[in-house]
Amino acid sequence: MSDELKKGLEDVLVAESDLSFIDGDAGKLVYCGYAIEDLARTASYEEVLYLLWHGDLPTRSELDAFRADMASHREIDDDVLALIENLAAADADPMAALRTAASALSAHDDTAGGSDPDDARESGKRITAKLPTIVAAFTRLRNGDDVVAPRDDLGHAANFLYMLNGEAPDDVLADVFDQALVLHADHGLNASTFSGMVTASTLADVHAAVTSAIGTLSGSLHGGANANVMRMLKEVDDSDKDPLSWVQDALANGERVMGFGHRVYNVKDPRAHILSERSEELGAAAGDTKWYEMSVAIEDYMADEKGLAPNVDFYSASTYYQMGIPVDIYTPIFAMSRVGGWVGHVLEQYDDNRLIRPRARYVGAEDRDSTPLDER
């Protein structure tokens, strides 16, 4: 047994998976053998969910049945909605609200409580169907708006935008948002996915695993990055500086330019390529491409001067912003997408389970004697 310390488990192989493959040097991301560019162009989020949970893309009849089943589980129980109302009234952090409400879903799921593959897949489907309802309801309630009930005649992406804004989105917005969900659905053993796997390895149920993963995603080094990118872009816009001067000053002050570099990719994130195009399209359609142009200027500077490429967060930020989505629910939206990968990896963990239990090297004090309490 090696005693080599690998902080952050970097480059440590802990599992085998059929779900996603990343080549960080080539800028390649694959789901179940399909290049992300191919899936983003041709497959809906529901199709990708089916792929991640069943191993193959669905036929037309399989997809129709799957979509109908997903849509039938979008509503949330009254006491979960009451919990969301209380969290909104308390001005809870959106990710804390999502984590709490997601955990509460288990009380109303008759498939919850075990690791049986069929039950686990069914629980995962129900959770995935309900997370958008939770996010939309929380966002509207904290703004003093009435909750909008889900519709079963809209796709997963379009239905969320409808519940969020109170009106059905046009085809362009629905397509862009659906594509963003596809791009974020899975990404190897990222921190939140691994957290969910660790929980599942104890044979805790899918609700517990997803709740663990949501908690992990909430950290600023993981899911919060795209919100921080948009906050940075707005700060640039509010300043009296051009983007390059702002970046130069930020770097000179030891500040980090958000949205650059990645633990896995050494080149531009393939998902950033796709979302940069959609960001430009949305800006052009609205007659204002300033966010896209600002982003490109910063990207070019960082590449030329620092040798750093943007990750998916850099362009998802302006894409979501131009869709009118509040900045502080970017991370809950990330969770709405990534839950597909979480459930897929949890299913793999159950299928060939071994309790995940690494060890730590002890570096503390030795040979100490305990003194009775009254003598300390």
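Remember, predicted model here, so these are calculated numbers, not experimental data. (Residues numbered from 1 in each chain as written. Predicted model: local features only at pLDDT ≥ 70, side-chain atom pairs only at ≥ 80, totals over all residues. Heavy atoms only, no water.)

**Thoughts on the overall build of the protein chain**
Each helix and strand counted, the protein chain has 16 helices and 3 strands in total. Projected onto its principal axes, the C-alpha coordinates of the protein chain cover approximately 70 × 55 × 45 Å. Relative to its full complement of 376 residues, the protein chain shows a buried share of 49%. Put simply, the protein chain shows about 18000 Å² of open surface, and 45% of that area lies on carbon and sulfur atoms. Taking the 32 positively charged and 67 negatively charged side chains of the protein chain as two groups, their mean positions are separated by 4 Å. (Helix = DSSP H or I, 4+ residues; strand = E, 2+ residues; numbered from the N terminus. Buried < 20%, exposed > 50% of the residue type's maximum accessible area, 1.4 Å probe, protein only. Areas by Shrake-Rupley, 256 points an atom, 1.4 Å probe, with all protein chains shown as cover. Lys, Arg positive; Asp, Glu negative; His and termini not counted. Charge placed at Lys NZ, Arg CZ, Asp CG, Glu CD.)

**Comments concerning the domain arrangement of the protein chain**
Parsing the protein chain into structural domains produces domain 1 (28-221 + 328-351) and domain 2 (224-323). Computed over C-alpha atoms, the centres of domain 1 and domain 2 are 26 Å apart. Taken together, the contact between domain 1 and domain 2 spans 25 residues of the former and 23 residues of the latter. Summing both partners gives a buried area of about 2000 Å² for domain 1 against domain 2, and 64% of it is carried by carbon and sulfur. Across the contact surface, domain 1 and domain 2 share 1 salt bridge. With a closest N to O distance of 3.1 Å, Asp175 and Arg278 form a salt bridge. Seen at the junction of domain 1 and domain 2, the total is 6 residue pairs in polar contact (both at pLDDT 80 or more). Listed by contribution, the elements that provide at least two residues to the side of domain 1 that touches domain 2 are β2 (28-31), α1 (36-42), α8 (171-184) and α16 (330-351). Broken down by element, the side of domain 1 that touches domain 2 gets its largest block of residues, 9 residues, from α8. (Domains from an automatic or database assignment. Contact = heavy atoms within 4.5 Å. Buried area = accessible area lost by both parts, 1.4 Å probe. Salt bridge = Lys/Arg side-chain N within 4 Å of Asp/Glu carboxyl O. Polar contact = N/O pair within 3.5 Å; in protein donor to acceptor, adjacent residues only side chain to side chain.)

**A word on the environment of Ile329**
If you trace the backbone, Ile329 turns up in the loop between α15 (312-322) and α16. According to the relative accessible area criterion, Ile329 is buried, its value standing at 0%. Sequence spacing of Ile329 and Asp93 is 236 residues, and the spatial spacing of their C-alpha atoms is 9.3 Å. Ile329 has contacts with Pro94, Val135, Thr139, Arg142, Phe160 and Leu164, leaving out every residue within four places of it along the chain.

**Digging into the side chain of Thr133**
Structurally, Thr133 can be placed in helix α6 (residues 117-142). In terms of polar contacts, Thr133 uses its side chain to reach the backbone carbonyl oxygen of Arg74, at 2.7 Å. The contacts of Thr133, once residues within four sequence positions are left out, are Arg74, Ile76 and Met163.

**Description of helix α14 (residues 290-306)**
Compared with an ideal rise of 1.5 Å per residue, which puts 17 residues at 24 Å, α14 spans 23 Å between its outermost C-alpha atoms and is within 8% of the ideal. All of the buried residues in α14 are Trp291, Tyr292, Met294, Ser295, Ile298, Glu299, Tyr301 and Met302. The elements touched by buried residues of α14 are α11 (225-238), α12 (243-252), α13 (270-286) and α15. (Expected span 1.5 Å × (residues − 1).)

**Notes on the UniProt feature "active site" (unreviewed entry) in the protein chain**
Here the UniProt-annotated "active site" (unreviewed entry) positions come out as His262 and Asp313. Their sequence span is 52 residues, while the largest C-alpha to C-alpha distance among them is just 10.2 Å; these annotated residues converge on one region. With respect to the helices and strands, His262 occurs in the loop between α12 and α13. Counting through the fold element by element, Asp313 comes out in helix α15. The residues touching Asp313, leaving out its near neighbours within four places in the chain, are Ala225, Asn226 and Val229. (UniProt positions renumbered as here; feature names shortened; annotations may be inferred.)

**Points about the sheet that holds strand β3 (residues 34-35)**
Reading across from one edge, β1-β2-β3 is the order of the 3 strands in this open sheet, with antiparallel pairing throughout. Each having just a single partner strand, β1 (20-23) and β3 make up the two edges of the open sheet. Across 2 bridges, β2 lies against β3 in antiparallel orientation. The residue bridging Tyr31 from the neighbouring strand is Tyr34, located in β3. (Pairing = 2+ DSSP bridges.)

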